[in-house]
Number of protein chains: 2
Amino acid sequence: MRKVIVELGERSYPICIGDNLLADSALFRSHIPAKQVMIVTNQTVAPLYLDRLMACLDGLSVDTCILPDGEKYKTLDTVNTIVTRLLEKRYGRSSTLVALGGGVVGDVTGFTAACYQRGIGYLQVPTTVLAQVDSAVGGKTAVNHALGKNMIGAFHQPLAVIADVSVLSTLDPREFRAGLAEVIKYGLIRDGAFFDWLEQNLDGVLKGEHETLVYAIERSCRNKADVVAMDEKESGPRAILNLGHTFGHAIETGLGYQDWLHGEAVAVGILMAADLSCRLGWISREDVERISRLLARAHLPSRLPGALSPGRLLEIMAVDKKARDGVMVLVLLEGIGNAVVTDRYDREKLEATIKAFSTLQEIA
Amino acid sequence: MRKVIVELGERSYPICIGDNLLADSALFRSHIPAKQVMIVTNQTVAPLYLDRLMACLDGLSVDTCILPDGEKYKTLDTVNTIVTRLLEKRYGRSSTLVALGGGVVGDVTGFTAACYQRGIGYLQVPTTVLAQVDSAVGGKTAVNHALGKNMIGAFHQPLAVIADVSVLSTLDPREFRAGLAEVIKYGLIRDGAFFDWLEQNLDGVLKGEHETLVYAIERSCRNKADVVAMDEKESGPRAILNLGHTFGHAIETGLGYQDWLHGEAVAVGILMAADLSCRLGWISREDVERISRLLARAHLPSRLPGALSPGRLLEIMAVDKKARDGVMVLVLLEGIGNAVVTDRYDREKLEATIKAFSTLQEIA
């Protein structure tokens, strides 16, 4: 088992990465302070891994809350449902929630833990690549509102993240590859050597070779942990984690959060950020090609969805960002392994990038 | 204007207490970091003070959200309503909420600020005695759940508390007096000299004499600020603030949160805690009499409501506390000005106290 510590003073915690951790009863027990434990999971994950986790927590007082699967259940209503269950079972302030699932389960469980009786502890047990390398790490929790994603939430760090890499074997291959967009992101934003390593080892990762996969997840988590330790509440440097996400969110919004997975939208967003950086003269066209090739090897998309015109995308991005005093800040690249958060770019070059990625010929 | 600082490192903030602060535009402006401000208030307070506050914030971009009046609106649904308004108006992370009202408005606005986009700033502008001396100070925010009060919330400190004592002149006299239960509480738990002062000056407070009232509120806030600074998240010493509240909450629950005001229930609770402390030999019967006389001068009740039997009260208290591993911890007195948090009391003496305060003759 590998261990990465997220250094946040008294809120520090480990990310444990390895094989068959869902059988490691001692590991789980060491991070659960009292007897009352509620596992929150969903209808897809429960049949696969709930029994295994229950067995692992044998001896504790364990309840379960099984949610329907899907982003549309990441709401205040679901928080209320979990709180009802907690109160019916008289869960106290020393009790623990365990989030067994992907990003949605982790976000909604984490936010419930943040506000139940003004805050109880929780464990993240991520079951997707995306959750293991990104959403389960760093304490950002939230639910969606009808008018915006992640608009109601809290910074609330987990007691530990337990990433059992074995569970990824049952993950849908498309979900698996979408998660790799975030892995590649870490190389691009601050770890050029990791990008090089991925160029050498992506095939092993894609094949699920044990050691290679554990290493890719560990190194991703190490990068995320470092960034979170620098800027827990995203007042500055943490924003580099959003490489590709402003474009990506606009794609997701434009498609009504259907058809494309988050990681797929982020992959195109990363490529667009690279393209714009190149148009600004900050990175070479060869760098863009390297990024494009690596994303393509992970079978990630490289063009905007056909349904989305350049004009519409720009419009969504502008609305999305108006919330922050009208300035559209982007994460761009000054090199592979070197991202910057900036609003110093030509609007025309941004438009040129968007048009270049469109499959439509409309003039924005 | 008097100022009390709540010392919490980078989360420190002032409580400003004085006359006509709702006309002090510079004071408000100094605590509002950006242009976007939403005032949250209710239908009772809005006709009285909203225009005044709006005028005071002239030059900023101000919206309002007027809630129905009442504890039953302290819910997640109301949080969702406020968030909808914020998103419709494109409020960003640097915007500010202003809670203009009593405890309900303060609690729900504070919790909304705690979770909107993972946390924005807010000002407390309390308009009741209870809110000025207690609920607006210390960052405990929450909404109720059908199965329990304040079960969903956060610790989220305000940017400042602005307590305009002039607004208390329009407060319902019964509400005014109920708030004094919390004022008297501060004398009892940690400030015996303040209790003595209240014995000398309660009539002036009741008459609303300006200087006397400002002093009572300032000294109450100073006590609360000290306790909060010691134990922001209620891991220990802060619990002394709950003197009278375990009994009080049981009374409120027993009455379905109708008929009695919170401060009235707390007043009887304080007296019951004093009586039990006397039965345990920790304070004298004369001390109990002093407490009883002071509460009576504020026209606060001294017996349990007729509708509530001793057995029922005990049952509610036990259920309330089962959430914390079965131990019923109470705040009791070892002297006037000296409270302790303890479970070292005889169950029989507790029952004797409850029976002594009942207007019924039922054997529990």
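All values derive from a computational prediction rather than experimental measurement. (Residues numbered from 1 in each chain as written. Chains lettered and ligands numbered in written order. Predicted model: local features only at pLDDT ≥ 70, side-chain atom pairs only at ≥ 80, totals over all residues.)

## Some points on the overall build of chain A
- Counting secondary structure elements, chain A contains 13 helices and 11 strands.
- Radius of gyration (C-alpha) of chain A: 20 Å, near the 21 Å computed for a compact globule of 364 residues.
- The burial tally for chain A puts 50% of its 364 residues in the buried class.
- Considering only contacts within chain A whose residues lie at least 6 apart along the sequence, 74% involve residues at least 24 apart. (Helix = DSSP H or I, 4+ residues; strand = E, 2+ residues; numbered from the N terminus. Rg over C-alpha atoms; globule rule 2.2 N^0.38 Å. Buried ≥ 20, exposed ≤ 12 C-beta atoms within 10 Å, placed from the backbone. Contact = placed C-beta atoms within 7 Å.)

## Here's the deal with the domain arrangement of chain A
Residues and elements named next belong to chain A.
- Parsing chain A into structural domains produces domain 1 (2–169) and domain 2 (173–357).
- Look at where the C-alpha atoms of domain 1 and domain 2 centre, and you get two points 26 Å apart.
- Tallying the contact residues gives 25 residues for domain 1 and 25 residues for domain 2.
- Mapped by element, the contributors of at least two residues to the side of domain 1 that touches domain 2 are strand 1 (2–6), strand 2 (13–18) and helix 5 (129–135).
- No other element matches the five residues that helix 5 contributes to the side of domain 1 that touches domain 2. (Domains from an automatic or database assignment.)

## Topic: the relation of the copies chain A and chain B
- Overlaying chain A on chain B yields an RMSD of 0.0 Å, the required transformation being a rotation through 180° with an accompanying axial translation of 0.0 Å. What we have between these two chains is a two-fold relation. The rotation axis passes nearest to the C-alpha of A:Leu76 in chain A, at a distance of 3.8 Å.
- Most of the interface of chain A is mirrored in chain B: 100% of its interface residues are interface residues there too. (Least-squares fit on C-alpha atoms with pLDDT ≥ 70 in both.)

## As for the packing of helix 6 (residues 173–190) of chain B against helix 7 (residues 192–206) of chain B
Residues and elements named next belong to chain B.
- As a packed pair, helix 6 and helix 7 sit with axes 7 Å apart at the nearest point and diverge in direction by 150°. When the axes of helix 6 and helix 7 are compared, the pair comes out roughly antiparallel. On helix 7, the residues touching Leu180, Ile184, Tyr186, Gly187 and Leu188 of helix 6 are Gly192, Phe194, Phe195, Leu198 and Val205.
- Here the residues of the contact of helix 6 with helix 7 sort into eight nonpolar, two polar and no charged. (Axes fitted to C-alpha atoms, helices over the stretch in contact; angles between N-to-C directions. Parallel < 35°, antiparallel > 145°, perpendicular 65-115°, else oblique. Nonpolar A, V, L, I, M, F, W, Y, C, P; charged D, E, K, R; others polar.)

## Some thoughts on the sheet that holds strand 3 (residues 36–42) of chain B
Residues and elements named next belong to chain B.
- In space, the seven strands of this open sheet follow the order 1-2-9-6-5-3-4, with mixed pairing throughout. Edge strands, defined here as strands with exactly one partner in the open sheet, are strand 1 (2–6) and strand 4 (61–67). Adjacent strand axes in the sheet meet at a mean angle of 20°, parallel and antiparallel pairs treated alike.
- Here six bridges tie strand 5 (residues 96–101) to strand 6 (residues 121–126), and the two strands are oriented parallel to one another. By the bridge assignment for strand 6, Leu100 is matched with Val125.
- Here helix 3 (residues 76–88) sits on the sheet and contacts strand 3 and strand 4; the angle it forms with strand 4, its principal contact strand, is near 155°.
- Where helix 8 (residues 210–230) meets the sheet, it contacts strand 1, strand 2 (13–18) and strand 9 (160–164), and its direction lies at approximately 10° from that of strand 1. (Pairing = 2+ DSSP bridges.)

## Points about the interface of chain A and chain B
- Between chain A and chain B, the contact holds 29 residues from the first and 29 residues from the second.
- Across the side of chain A that touches chain B, the residue classes break down as 13 nonpolar, eight polar and eight charged.

## Observations regarding helix 7 (residues 192–206) of chain A
Residue and element names in this part refer to chain A.
- Its 15 residues give helix 7 an end-to-end C-alpha distance of 20 Å, which sits within 8% of 21 Å, the value for a rise of 1.5 Å per residue.
- Along helix 7, the helix axis deviates most sharply at Gln200, where the bend reaches about 60°.
- For helix 7, the set of buried residues is Phe194, Phe195, Leu198, Leu202 and Val205.
- Check the buried side of helix 7 and you find it contacts helix 6 (173–190), helix 8 (210–230) and helix 11 (285–297).
- A positive phi of about 75° marks Gly208, the residue just after helix 7. (Expected span 1.5 Å × (residues − 1). Bend = angle between axes of the 7 residues up to and from the residue.)

## Let's talk about the nonpolar core
- Of all hydrophobic cores here, the largest spans 236 residues; its most connected members are A:Ile270, A:Ala273, B:Ile270 and B:Ala273.
- If we skip the residues at most four places from it in the chain, A:Ile270 touches A:Ala181, A:Lys185, A:Leu188, A:Leu243, A:Gly244, A:Ile291 and A:Leu295. (Core = buried A, V, L, I, M, F, W, Y, C linked by C-beta atoms within 7 Å.)

## Quick look at the confidence of the model for chain A
- Across chain A, the average pLDDT comes to 95, with 96% of residues at 70 or higher.
- For this predicted complex, the interface confidence comes out at an ipTM of 0.94, alongside a pTM of 0.95. (pLDDT = per-residue confidence, 0-100.)

## A look at helix 6 of chain B
- Compared with the 26 Å implied by 1.5 Å per residue over 18 residues, the 27 Å span of helix 6 of chain B between its first and last C-alpha is a close match.
- Burial runs high along helix 6 of chain B: 14 of the 18 residues are buried.

## Structural notes on the pairing of strand 5 (residues 96–101) of chain A
Residue and element names in this part refer to chain A.
- Burial analysis of strand 5 places six of its six residues in the buried class, which makes it a mostly covered element.
- Examined bridge by bridge, strand 3 (residues 36–42) and strand 5 share four bridges and lie parallel to one another. If you follow Val37 over to strand 5, its bridge partner there is Thr96.
- Note that the unit made of strand 5, helix 4 (residues 103–115) and strand 6 (residues 121–126) has a crossover that is right-handed. (Right-handed = clockwise from strand over helix to strand, strands pointing away.)

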